[in-house]
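Fold and contact review
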Amino acid sequence: MKGLLKGLGVTFKAMTAKKITTSYPDVPFVMPDRFRGIQHFEPDKCIVCNQCARICPTECITLTGKANPDPEKKGKVIDTYDINFEICILCDLCTEVCPTEAIVMTNNFELASYSRDDLFKDREWLDSNNHNVRKDNNNIGAPAAAKGGAK
Ligand code: SF4
Ligand code: SF4
């Protein structure tokens, strides 16, 4: 009898407890802010220093630069920038080393696809992945000086 009452107690407790299931994917799942998700890349901020590609442990970043078309300005501008999300482990190292915050992490995580080819993301796709940028990067778009300059 005691066991029965104990079991019913557990049942009623579970029946009245707050539900933890969600209606994903109908209702988007909000990740914690420290979650490291798919990167956002801003081509205009990139100085083609190659540090992100050099530090990447899986060598999944490929980039090319070209001479600045503005004859008044020195240096290079980014031409192509690709990340292979088949092997990216979202470790955050590329964003940590970037001196201009051209590449930052977001809270986005949805990359499921029927084709592996779809996991190669180019600069246009990464540029358009500009929502849910992590809050420690929420001054995105501000000039580097407003953020205390380069890291
Ligand atoms: S998150 Fe890590 S694995 Fe992915 S591109 Fe950046 S450095 Fe490479
Ligand atoms: S580290 Fe930043 S500025 Fe340098 S190439 Fe990578 S994205 Fe561009």
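Above this text you will find the structure in question.
The following refers to the structure shown. (Residues numbered from 1 in each chain as written. Chains lettered and ligands numbered in written order. Predicted model: local features only at pLDDT ≥ 70, side-chain atom pairs only at ≥ 80, totals over all residues. Heavy atoms only, no water.)

Around ligand 2 lies a shell of 13 residues, among which Cys-46, Cys-49, Asn-50, Cys-52 and Cys-98 are the nearest. Tallied by class, residues from the shell around ligand 2 come to 11 nonpolar, two polar and no charged. (Near = heavy atom within 4 Å. Nonpolar A, V, L, I, M, F, W, Y, C, P; charged D, E, K, R; others polar.)

Below, the discussion takes up the site of ligand 1. Around ligand 1 sit Gln-39, Cys-56, Pro-57, Thr-58, Cys-60, Ile-61, Cys-88, Ile-89, Leu-90, Cys-91, Asp-92 and Cys-94, and that is every residue in its neighbourhood. Grouping the constituent residues of the shell around ligand 1 by class yields nine nonpolar, two polar and one charged.

For the rest of this paragraph, the subject is the sheet that holds strand E3 (residues 76-84). Taken together, three strands build an open sheet; the order of strands is E2-E3-E5 and the sheet is antiparallel. Of all the strands in the sheet, just strand E2 (61-67) and strand E5 (120-121) have a single pairing partner and so form its edges. As judged from the seven bridges shared by E2 and E3, these two strands associate in the antiparallel manner. The residue bridging Gly-65 from the neighbouring strand is Ile-78, located in E3. (Pairing = 2+ DSSP bridges. Helix = DSSP H or I, 4+ residues; strand = E, 2+ residues; numbered from the N terminus.)

If you walk through the whole model with that rule in mind, you get zero disulfides. Left without a disulfide partner, Cys-60 is nearest to the cysteine sulfur of Cys-56, which lies 3.6 Å away. The class of Cys-60 is buried, set by a relative accessible area of 6%. (Disulfide = S-S within 2.5 Å. Buried < 20%, exposed > 50% of the residue type's maximum accessible area, 1.4 Å probe, protein only.)

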